Amino acid sequence: MHGVRGGEDDESNRVVEESFANIGATVMGRNMFGGHPGPWNRANPWPGWWGTNPPYHHPVFVLTHHPRVPLMLEGGTTFTFVTDGIESALDQARRAARGKDVSLAGGAKAAQHYLNAGLVDEMLISLVPILLGRGERLFDGIGDDLHGLELARTVATPNVTHLELVKR
């Protein structure tokens, strides 16, 4: 998916390809976009992790508390920085997607906000058996309520297990 050679061709490929097939816009949190905490460095603004041609190739809406002008990059990717909440970011992403799906790329805090608000219709969790050390727990603060999401499909390969949850 990133245009490099290698990898394996197995059932996992189909799961990932299906998950990206109809994406028209993405919402992500500030930590997923990266940079540093606090206000943006106006003299040297963070350009994102992906270089000049990010893998999205559609509009991306970044949740943040700090205003910033949109960042236009190659491949049709424009990062718009949204400071007025998750509902606003989702509304903007839905309009930009023009009938296609809106992807919630993460991170964990952004996913928690959308889950708690009951705004997640589908969720694909890909579990890889690698210990990375510390990180944010995806379901912290969610309690025992996934707001209607139920396990609909599990796809296991030697290196990853995909769990697809769908709102019923």
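Higher on the page you've got the structure.
Definitions and limits used
Each residue is numbered by its place in its chain's sequence as written, counting from 1. Residue-level local features of this predicted model are given only where pLDDT is at least 70; pairs of side-chain atoms are given and counted only at 80 or more, and the full residue set underlies all totals for whole chains, interfaces and linings. Heavy atoms throughout the structure, all of them, feed into the side-chain values; hydrogens and water do not. A residue counts toward a patch only above 30% relative accessible area and without a salt bridge, and it is joined to like-charged neighbours within 9 Å or, for Val, Leu, Ile, Met, Phe, Trp and Tyr, to nonpolar neighbours within 5 Å. All accessibility values rest on the Shrake-Rupley procedure with a 1.4 Å probe; residue burial counts only the protein chains present in the view. What makes a salt bridge here is a side-chain nitrogen of Lys or Arg within 4 Å of a carboxyl oxygen of Asp or Glu, nothing more. Where helices and strands are cited, they refer to DSSP runs of H or I of at least four residues and of E of at least two residues respectively, numbered from the N terminus. Strands pair, by our definition, only if DSSP identifies at least two bridges between them. Each axis is a line fitted through C-alpha atoms, taken for helices only over the stretch in contact, and angles between the N-to-C directions span 0 to 180 degrees. It only takes one pair of heavy atoms within 4.5 Å for two residues to be counted as in contact. Relative accessible area decides the class of each residue, using a 1.4 Å probe on protein chains only: under 20% of the type maximum gives buried, over 50% gives exposed, and in between gives partly exposed.

Caption draft 1: Just a nonpolar patch on the surface, in detail. Residues Val-128, Ile-130 and Leu-132 make up a contiguous nonpolar surface patch of roughly 340 Å² in combined accessible area. You can see Leu-132 is positioned in the loop between β6 (122-127) and β7 (149-156).

Caption draft 2: Representation of unusual backbone geometry within the structure. Look at the link from Gly-106 to Gly-107: it is a cis peptide, with omega at 0°. Relative to the helices and strands, Gly-107 is located in the loop between β5 (101-106) and α4 (108-116). Even without being a glycine, Arg-98 presents a positive backbone phi close to 50°. Mapped onto the secondary structure, Arg-98 falls in the loop between α3 (86-97) and β5.

Caption draft 3: Just the sheet that holds strand β8 (residues 161-167), in detail. The strand order across the open sheet built from three strands is β6-β8-β7, with neighbouring strands paired in antiparallel fashion. If you trace the sheet from one side to the other, it starts and ends with β6 and β7, each paired once. Pairs of neighbouring strands in the sheet enclose a mean axial angle of 20°, with direction left out of account. For β6 and β8, the ladder comprises six bridges, and the chain directions are antiparallel. The residue of β8 that forms the bridge with Met-123 is Leu-165. Seen against the sheet, helix α1 (residues 11-20) touches β6, β7 and β8 and runs at an angle of roughly 140° to β7.

Caption draft 4: Expanded view of the pairing of strand β4 (residues 78-82). The element β4 is largely enclosed, with a buried count of four among its five residues. In the sheet, strand β2 (residues 60-63) pairs with β4 via four bridges, with the strands oriented parallel. By the bridge assignment, Leu-63 is partnered in β4 with Val-82. Pairing geometry for strand β3 (residues 71-72) and β4, over two bridges, is antiparallel. By the bridge assignment, Met-72 is partnered in β4 with Thr-78. From the end of β3 to the start of β4, which pair antiparallel, there are five residues, and Gly-75 there has a positive phi angle of about 75°.

Caption draft 5: Structural context of the pairing of strand β1 (residues 23-29). For β1, the buried fraction is high: seven of the seven residues fall into the buried class. Pairing of β1 with β5, which is carried by five bridges, proceeds in the parallel orientation. Residue pairing for β5: Ala-25 is matched across the bridge by Val-102. In terms of strand pairing, β1 meets β2 through four bridges, oriented parallel. Note on β2: the bridge partner recorded for Val-27 is Phe-61.

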